[in-house]
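Structural overview
One letter stands for each residue in the lines below.
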Amino acid sequence: MFLNSITLVLQEILEAALLISVLLALTQSFPKMKRWIILGIFLGVVGAYLFGAYIGSISEWFDYVGQEIVSASMQLSISVLVALIAFLLNPARARVYSTVMLSTICPVLVMLSITREGAEIFLYLQGNMTNSVYTRSVLAGSAIGTGIGISIGVVLFYLLTGLSSKSYWVVSTVVLALIGGNMAAQAILLLTQADWITYSAQLWDSSAVLTEQSLTGRLLYSLVGYEATPSIVQGVGYLSVALLILICGLTTKIKYIEKRRQRHAQ
Amino acid sequence: MPLLLTLVKQKRLMQVNRRVPQTYWMLLLLTVCEFSLARPPLIEIEIKDHLFYPAVVEIPANTKVKLLVKNLDPTAEEFESYELNREKVIVGNSISVIFIGPLPPGEYPFFGEFFPKTAQGKVIVKE
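These numbers come from a predicted model, not from an experiment. One numbering rule holds for all chains: residues counted from 1, following each sequence as written. By the order in which they are written, chains take letters starting at A while ligands take numbers starting at 1. Only residues with pLDDT of at least 70 get local features here, since the model is predicted, and only at 80 or more are side-chain atom pairs given and counted; chain-wide, interface and lining totals rely on the full set of residues. Derived side-chain values reflect all non-hydrogen atoms in the structure, with water molecules and hydrogen atoms excluded from consideration.

Our focus in this paragraph is the interface of chain A and chain B. Taken together, the 33 residues of chain A in the interface contact 25 residues of chain B. Once two parts are joined, some of their accessible surface, as seen by a 1.4 Å probe, is lost; buried area is that loss totalled over both. A buried area of about 2,600 Å², summed over both sides, lies between chain A and chain B, and 52% of it is on carbon and sulfur atoms. A carboxyl oxygen of Asp or Glu within 4 Å of a side-chain nitrogen of Lys or Arg is what we treat as a salt bridge. Put simply, chain A and chain B have three salt bridges between them. Polar contacts, as used here, are pairs of N or O atoms within 3.5 Å; protein pairs need one atom able to donate a hydrogen and one able to accept it. Residues neighboring in sequence count only if both atoms are side-chain atoms. Counting the contacts that link chain A with chain B gives nine residue pairs in polar contact (both at pLDDT 80 or more). Segments assigned H or I by DSSP are reported as helices when at least four residues long, segments assigned E as strands when at least two residues long, and all are numbered from the N terminus. Mapped onto the side of chain A that touches chain B, the elements with two or more residues apiece are helix H1 (2-26), helix H2 (33-59), helix H3 (61-64), helix H4 (66-89), helix H5 (96-129), helix H7 (165-193) and helix H8 (215-224) of chain A. Polar here means any residue outside two lists: the nonpolar Ala, Val, Leu, Ile, Met, Phe, Trp, Tyr, Cys and Pro, and the charged Asp, Glu, Lys and Arg; Gly therefore counts as polar. Looking at side-chain class alone, the side of chain A that touches chain B contains 13 nonpolar, 13 polar and seven charged residues. Should any heavy atoms of two residues lie within 4.5 Å, those residues are considered in contact.

Below you can see the structure in the form of structure tokens.
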């Protein structure tokens, strides 16, 4: 129970931690953004509590697949908002209007990612609190899982901010693309589970190389959305969203650099 | 001229015959509707004292199946399976639906992520 609670909590926390540290690193030049992100964390914890508390009745929506539909909508919103962030923070596009937009998008984004994952932790803890045999090990494991998750987030933040300004933007955009793609693929899986998207054939089977059960597999699942047996629609969804984010974040930058070069040449 | 005449004739013929493909289309549409309206087989699984009943579920191959999971415990459980690519929280004293398949024959273990030591089961897909 102890190890299980570490991995369960760590897995849930990692996704949010990854997003928060990238957002914090990216918005460093916007002085008040930290406050908005902290507001997002607070809202996310409240949202997780509410989502967890009402998940029973939410599950009954749409013929007992409400949970999938609500979670998938949250994940798809995260994908879209991440693409918007990449678009707005693109060095060629940073203008005054984006500061206002950023201070609305960042807290919503953080809130959504914590709400979805936090609700699960909340339900897990609630269920195990009543079961006195496990309470201690579950609490200790969860605390350790949270600690590891936050530490990885902090390390990532310093790694990103430590990079040179050139590679920093490229690496951040790639991380955003992985987050967005991951969210889209997970949303598609949930919609398939709810029978809102029809089944599509398996794209590959890498369970012989790396199982999803293994610790590495579980961590990679939270970080980049690793799946041993993804479907074709999932693969297409992942790739198209990731590509969209890369285009939003990187293309104009290239044009911008070219323009600057041309100006220098003149 | 004769070519034109035959063309006109053909067109008339087609007009007469237009109803035939229409009926075919209607039939096709009806079968498609019936196919999609055909409900997937329903299989019930209960969760009690952090155990699955039945722990082994048999389903036909290449068929979509609707799992109706009843959690009779007061605590929440998460139905999870890496092999089936499924994950769903089922709160205490509630019913939930999970669609699985169509799947090739084989064994697909599932477990309750919140109480993985006891809550274990598998889906056996048979031809």
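The next point concerns the sheet that holds strand S7 (residues 94-100) of chain B. All names here are of chain B. Pairing between strands is defined by DSSP: at least two bridges between the two strands are required. With mixed pairing, four strands are arranged side by side in an open sheet as S2-S1-S4-S7. Of all the strands in the sheet, just strand S2 (51-53) and S7 have a single pairing partner and so form its edges. Neighbour-to-neighbour, the strand axes of the sheet open up by a mean angle of 25 degrees, direction not taken into account. Across seven bridges, strand S4 (residues 65-71) lies against S7 in antiparallel orientation. Across the sheet, residue Asn71 finds its bridge partner in S7, namely Ser94. Throughout, an axis means a line fitted to C-alpha atoms (over the contacting stretch in the case of helices), and angles, computed between N-to-C directions, take values from 0 to 180 degrees.

Atom-level detail of predicted coordinates should not be read off regions where pLDDT is low. What pLDDT reports is the predictor's confidence in each residue, on a scale of 0 through 100. Confidence in the prediction for chain A averages 90 pLDDT; 94% of positions are at 70 or higher. By mean pLDDT, helix H9 (residues 232-265) of chain A is the weakest element of chain A at 82, and H2 of chain A is the strongest at 95.

Among the structural elements, Asn85 of chain B can be located in the loop between strand S5 (77-81) and strand S6 (86-90). Asn85 of chain B gets classed as buried once you look at its relative accessible area, which sits at 11%. Among the polar contacts listed, one links the side chain of Asn85 of chain B to the backbone oxygen of Thr229 of chain A, at a separation of 2.7 Å. Buried, partly exposed and exposed residues are distinguished by accessible area as a fraction of the type maximum, computed with a 1.4 Å probe on protein chains only: under 20%, between the cut-offs, and over 50%, respectively.

The subject of this paragraph is the environment of Ser81 of chain B. Residue and element names in this part refer to chain B. If you trace the backbone, Ser81 turns up in strand S5. For Ser81, a relative accessible area of 2% translates into the label buried. Spatially, the C-alpha atoms of Ser81 and Thr118 are 15 Å apart, while their sequence positions differ by 37 residues. Not counting chain neighbours up to four residues away, the residues in contact with Ser81 comprise Arg86, Pro109 and Phe110.

What follows covers a nonpolar patch on the surface. Residues and elements named next belong to chain A. On the surface, Trp36, Leu39, Phe42, Leu43, Val46, Tyr49, Leu50 and Tyr54 cluster together to form a nonpolar patch covering roughly 780 Å² of accessible area. Looking at the element boundaries, Leu39 is found in helix H2. Of the residues examined, Leu39 reaches a relative accessible area of 34% and is grouped as partly exposed. Excluding any residue in a salt bridge, patches collect residues exceeding 30% relative accessible area, merging like charges within 9 Å and nonpolar Val, Leu, Ile, Met, Phe, Trp and Tyr side chains within 5 Å. Only the protein chains shown count as cover for residues, and the accessible areas themselves come from Shrake-Rupley with a 1.4 Å probe.

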